[in-house]
Amino acid sequence: MTTSKITQNAFATPATEATQAWRNHTARFTVHWGRSGAVVAANGEIDAANAGRFSDDAQRCADCCEWLILDLSELTFIGTAGFSALKSISARCASTQTRLMVIPSPALTTVVRICDPQSRLPLVESLADALADVQRSGRPLRLVP
């Protein structure tokens, strides 16, 4: 498995718009930083080999963002480890008051239908819809610890 290195500092603050990427043998992951949030895109498969890294990176984004969009529209497969990663990311977003939106692929839609019958994951139709929603919502107030 070959992965490019992203330093911990890449997740310290989204002060400027930037992009980081990493890949393994089954998927490519990209983080696009905006002024107050991030879009994490995954292409390929989220499985036991990469779900932990995906979850860790997305949760670091949630720690310093007002909003987080997971663009999973290009996934061809997501296993149970990947779905567990999504639940962990969702929980972190809830605890940090980060707005989460998930753009599903047909593969994810099938898993969600089985594993999330209460529809707790906040699914949106497209990246354009998610970004428009972010712009409409403005900058919400957040509690400062």
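These notes cover the structure that comes with them. (Residues numbered from 1 in each chain as written. Predicted model: local features only at pLDDT ≥ 70, side-chain atom pairs only at ≥ 80, totals over all residues. Heavy atoms only, no water.)

**A word on unusual backbone geometry**
Item 1. Notably, glutamine 97 is not glycine yet its phi reads approximately 60 degrees, a positive angle.
Item 2. Relative to the elements of secondary structure, glutamine 97 occurs in the loop between α2 (80–96) and β5 (99–103).
Item 3. Classification of glutamine 97 by relative accessible area gives partly exposed; the value is 44%.
Item 4. For serine 119, which is not a glycine, the phi torsion comes out positive at approximately 55 degrees.
Item 5. Note on placement: serine 119 falls in the loop between α3 (106–115) and α4 (127–137).
Item 6. Judged by its relative accessible area of 55%, serine 119 is exposed. (Helix = DSSP H or I, 4+ residues; strand = E, 2+ residues; numbered from the N terminus. Buried < 20%, exposed > 50% of the residue type's maximum accessible area, 1.4 Å probe, protein only.)

**Considerations on the nonpolar core**
Item 1. Counting 31 residues, the largest nonpolar core has Ile46, Phe54, Leu68, Leu70 and Leu72 as its most contacted members.
Item 2. Residue assignment for this core shows that the elements contributing at least two residues are β2 (27–33), β3 (37–46), α1 (51–63), β4 (67–78), α2, β5 and α3.
Item 3. Those residues in contact with leucine 70 that lie beyond four places of it in its chain are Val40, Phe54, Ala58, Leu86, Ile89, Leu100, Met101, Val102 and Ile103.
Item 4. Core analysis: the second largest hydrophobic core is formed by eight residues, Val39, Trp67, Met101 and Val134 among them. (Core = buried A, V, L, I, M, F, W, Y, C linked by side-chain atoms within 4.5 Å. Contact = heavy atoms within 4.5 Å.)

**Digging into α4**
Item 1. By the burial criterion, the buried members of α4 are Ala130, Asp133 and Val134. Across the axial projection of α4, the buried residues extend over an arc of 100 degrees, all falling on one side. Turned more than 90 degrees away from the buried face of α4, the exposed residues are Ala128, Gln135 and Arg136.
Item 2. Where α4 is buried, its residues touch β4 and β5. (Arc of directions from axis to C-beta.)

**A closer look at α1**
Item 1. The end-to-end C-alpha distance of α1, which contains 13 residues, comes to 18 Å, matching closely the 18 Å that a straight helix rising 1.5 Å per residue would cover.
Item 2. Buried residues of α1: Ala51, Phe54, Ser55, Asp57, Ala58, Gln59, Cys61 and Ala62, and no others.
Item 3. For α1, the elements touching its buried residues are β1 (19–23), β2, β3, β4 and α2. (Expected span 1.5 Å × (residues − 1).)

**Some remarks on the pattern of salt bridges**
Item 1. Applying the stated criterion across every chain, the model contains five salt bridges.
Item 2. Note that aspartate 133 is salt-bridged to arginine 99, the shortest N-O span being 2.1 Å. With aspartate 133 in helix α4 and arginine 99 in strand β5, the pair connects residues that are 34 residues apart, well separated along the chain.
Item 3. Take aspartate 133: its relative accessible area is 18%, and that puts it in the buried class.
Item 4. With a closest N to O distance of 3.2 Å, aspartate 133 and arginine 136 form a salt bridge. (Salt bridge = Lys/Arg side-chain N within 4 Å of Asp/Glu carboxyl O.)

**Structural notes on the sheet that holds β5**
Item 1. Read across the open sheet, the five strands follow the order β1-β2-β3-β4-β5; overall the sheet is mixed. Two strands lie at the open edges of the sheet, namely β1 and β5, each paired on one side alone. Between one strand axis and the next, the sheet turns through 15 degrees on average, direction left out of account.
Item 2. Pairing of β4 with β5 involves five bridges; the strand directions are parallel. The residue of β5 that forms the bridge with leucine 68 is leucine 100.
Item 3. α1 rests against β1, β2, β3 and β4 of the sheet, and its axis sits at about 165 degrees to β4.
Item 4. Against the sheet, α3 contacts β4 and β5, and its axis sits at roughly 100 degrees relative to β4. (Pairing = 2+ DSSP bridges. Axes fitted to C-alpha atoms, helices over the stretch in contact; angles between N-to-C directions.)

Function-wise, these values are silent; they only describe arrangement.
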